[in-house]
Each structure stands twice: as C-alpha cells, then as structure tokens.
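# Examination of the molecular architecture
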Amino acid sequence: MAGASVMWGLMAPLGKDAMANGIGGFPMVGIRVLGGSICFWLASIVSSIINRRKTTSCKDEVPMTAREVLWLFGAGLFAIVFNQCNYIIGLSITSPLNASIMTTTMPIITMVLAALILKEPVTWKKLSGVLLGCLGATTLILSSAGGSIGGVLLGDVMCVGGQLSYAFYLTAFKKVIARHSPITCQKWMMLSAATVILPFCMPYLLELDWAGLSATTCYETAFVVLGGTFLSFLFATTAQQILRPTIIAMYNYVQPIVACSVSVLLGLGVLTLYHFIAVFLVFFGVYLVNASKARQSN
C-alpha cells in the first residue's frame, strides 16, 4: 500500500506537467483508463498461461460468476469513475488547496463505513490514529501550499464525494475482491471504467497532436499508465485482500508527503519544522490504526 501511495504521489506532479505540455485533462483520463485496461487484460493472459503450467491451484483458477463480474463492474464505477470524476470536476471549480484538504476525509469516511458495513470496531486507538493522520496531512498541505484557503462549496462537496465513493468501494466490495486475484479484479474494473469514460474522452484523443508531443511528455504519460495506474492499482488491490479498509485508507496521507518530497528535491520547496511534525503525525497515526484491535477475520 505504501508503494501504491508513492506512485500516486509521484503521478500528481508528473501527470500535471504532462497535461500542461500537450496532453490535456480529458485525453489524460482517456489514456489512463484505456492503457490501464489493456495492461491488466494482457497481464491476465500471461497469468493464465503461467497458471496452466502449474500443478497447484491458485486464485486465478477460481471460477468467475456472472454476478461477480457485475459486482466488479460496480467496483470499477465507485473506485475509478465516480472517484475520479468527482475529484477532477471538484478541483476545477474550487481551489487546489481546498481539494487537497478534502482528500484527508477519506480515512475518516472509511472508518465509519467499515463500522457500518463490515462491523469493524472503532477503537480509541484507531480513532486517535485517523485523527492524528488527518491533522498531520492537513498541516503538511497548509505548510506547503502557496495559495490561500478559499473556493466554491460545490467543488469542496464534490471532492468529498470522490473520497466517499472510494471509501464505499473499499468496504462494500471487499468480499468479491478477496475471492479473486488482483489482476482478475482489476481487468474487469478497468474495463468498466473504460466503457463509461472513453465515449467522453475519445473525441479529445482523436484531436490530440500525437506527433507534436515531446519525449518528456511521453515518458510522463507512460508513468501515469504503468506506474500510476497499472502497478499502483495492482499493489492496492493486493493490499485490499490483506489489510482492513481503514488501514488502506490511512495510506492516503502518504501522498502529500511524496508530493512535498518531490518539490524539495526539485528545488520547488523548502523543508520546515512543520513538515517534520506533519510527517511524524501521519506515520504515528498509521501505526496506531495498524496496531488497533480488530476482528480476526478481514
């Protein structure tokens, strides 16, 4: 989960630079879901070939029912389509600072939904960890931001809606995700996302000046597809089969740490005492949630 969060954190500055240098927002979304879908379907074919040569059974050999395919299509809508569309549209009508702060609500929402849907206990240690992590992430965002707080309420609400959508995915779809391999789950989820999103993005993809793109933009876009989509979702889905939803959601706080570190390395930011305090709060919060008592069954 840490690996997935690092890739998502790196995808933010790299993807933003690519979109500012020839790709554009809608084409990037289309490239991401189409590229991710192709990667997972190719990985599924390779995985099937390898599994046929094995004598032992494995998760890829668990039969997929039509009902489970529909569930995975629904998972793709909540994890990718609703999550990304709400966040991107919300970001377009509110301030980047507000949007970043709104993303810190996801672990809180996940903790509540996990208690309601999965009957996960809300212990004092877990609650303290979530709140400390939220405080640390918010402190990091505020200390690193060059802008001021302010935006459109509808945009803030839509950003929170995106977090609610992903939190619902983590809790409501955990059982079907746990039954099949990460590649099998993601190939259907990505296909679901591509089916819904591509009709809106295809006109922009057809109009894109592919020959005019710089090598740097192409490399950054490739990372968005391979690192920020394929590997990150593969890691995150694997983690979802092992970890409780609230722990997974807590790693959302790692992304601003990565973004801040990249800014410092590129000379775009300076480390301050607030950054160190914020990072400590985030990781101590993750530790508390991970150490909190939970049901034996995931």
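### Side note on a nonpolar patch on the surface
- Taken together, the side chains of L34, I38, L42, I45 and I49 make up a nonpolar region of the molecular surface, amounting to roughly 430 Å² of accessible area.
- Relative to the assigned elements, L42 resides in helix 2 (residues 25-52).

### Some remarks on the side chain of Q186
- Residue placement: Q186 occurs in helix 9 (residues 182-207).
- Accessibility expressed as a relative area gives 0% for Q186, which makes it buried.
- Polar side-chain contacts of Q186 include one of 2.8 Å to the side chain of T237.
- When neighbours within four sequence positions are excluded, Q186 is seen to be in contact with F40, Y169, F233 and T237.

### Focus on unusual backbone geometry
- At K119, a position not held by glycine, the phi torsion is positive, near 60°.
- The topology assignment puts K119 in the loop between helix 5 (106-117) and helix 6 (124-144).
- Given a relative accessible area of 58%, K119 falls into the exposed group.

### Points about the packing of aromatic side chains
- Throughout the structure, instances matching the rule amount to 13 aromatic pairs.
- With centroids separated by 4.7 Å and ring planes inclined at 55°, the aromatic side chains of F40 and F230 adopt a geometry described as tilted. Of this pair, F40 sits in helix 2 while F230 is found in helix 10 (residues 215-242), placing the two residues 190 residues apart along the sequence.
- F40 sits in the buried class, given a relative accessible area of 0%.

### Observations regarding the nonpolar core
- One finds W8, Y169 and I177 to be the most contacted residues of the largest nonpolar core, which totals 50 residues.
- The dominant element in this core, judged by the number of residues it contributes, is helix 9, at 11 residues.
- Contact partners of W8, with chain neighbours within four places excluded, come to M1, R32, Y166, G228, S232, F233, A236 and Q255.
- In this structure, M111, C134, Y253 and V289 belong to the second largest nonpolar core, which totals 11 residues.

### Structural notes on the environment of I23
- Its location among the elements puts I23 in the loop between helix 1 (2-19) and helix 2.
- Between the C-alpha atoms of I23 and C218, which are 195 residues apart in sequence, the distance is 9.0 Å.
- Setting aside chain neighbours within four positions, we find I23 in contact with A18, M28, I31, L208, L213, T217 and T221.

### A closer look at the packing of helix 2 against helix 9
- The geometry of helix 2 relative to helix 9 is characterised by a closest axis approach of 7 Å and an angle of 150° between their N-to-C directions. Of the possible angle classes, the one that applies to helix 2 and helix 9 is roughly antiparallel. For helix 2 against helix 9, the interelement crossing comes out left-handed.
- Broken down by class, the residue content of the contact of helix 2 with helix 9 amounts to 20 nonpolar, 6 polar and 1 charged.

Rules used throughout
Residues numbered from 1 in each chain as written. Predicted model: local features only at pLDDT ≥ 70, side-chain atom pairs only at ≥ 80, totals over all residues. Heavy atoms only, no water. Patch = residues over 30% accessible without salt bridge, like charges linked within 9 Å, V, L, I, M, F, W, Y side chains within 5 Å. Areas by Shrake-Rupley, 256 points an atom, 1.4 Å probe, with all protein chains shown as cover. Salt bridge = Lys/Arg side-chain N within 4 Å of Asp/Glu carboxyl O. Helix = DSSP H or I, 4+ residues; strand = E, 2+ residues; numbered from the N terminus. Buried < 20%, exposed > 50% of the residue type's maximum accessible area, 1.4 Å probe, protein only. Polar contact = N/O pair within 3.5 Å; in protein donor to acceptor, adjacent residues only side chain to side chain. Contact = heavy atoms within 4.5 Å. Phe/Tyr/Trp six-rings, centres within 6.5 Å; stacked < 30°, edge-to-face > 60°. Core = buried A, V, L, I, M, F, W, Y, C linked by side-chain atoms within 4.5 Å. Axes fitted to C-alpha atoms, helices over the stretch in contact; angles between N-to-C directions. Parallel < 35°, antiparallel > 145°, perpendicular 65-115°, else oblique. Left-handed = near helix turned anticlockwise from the far one by under 90°. Nonpolar A, V, L, I, M, F, W, Y, C, P; charged D, E, K, R; others polar.

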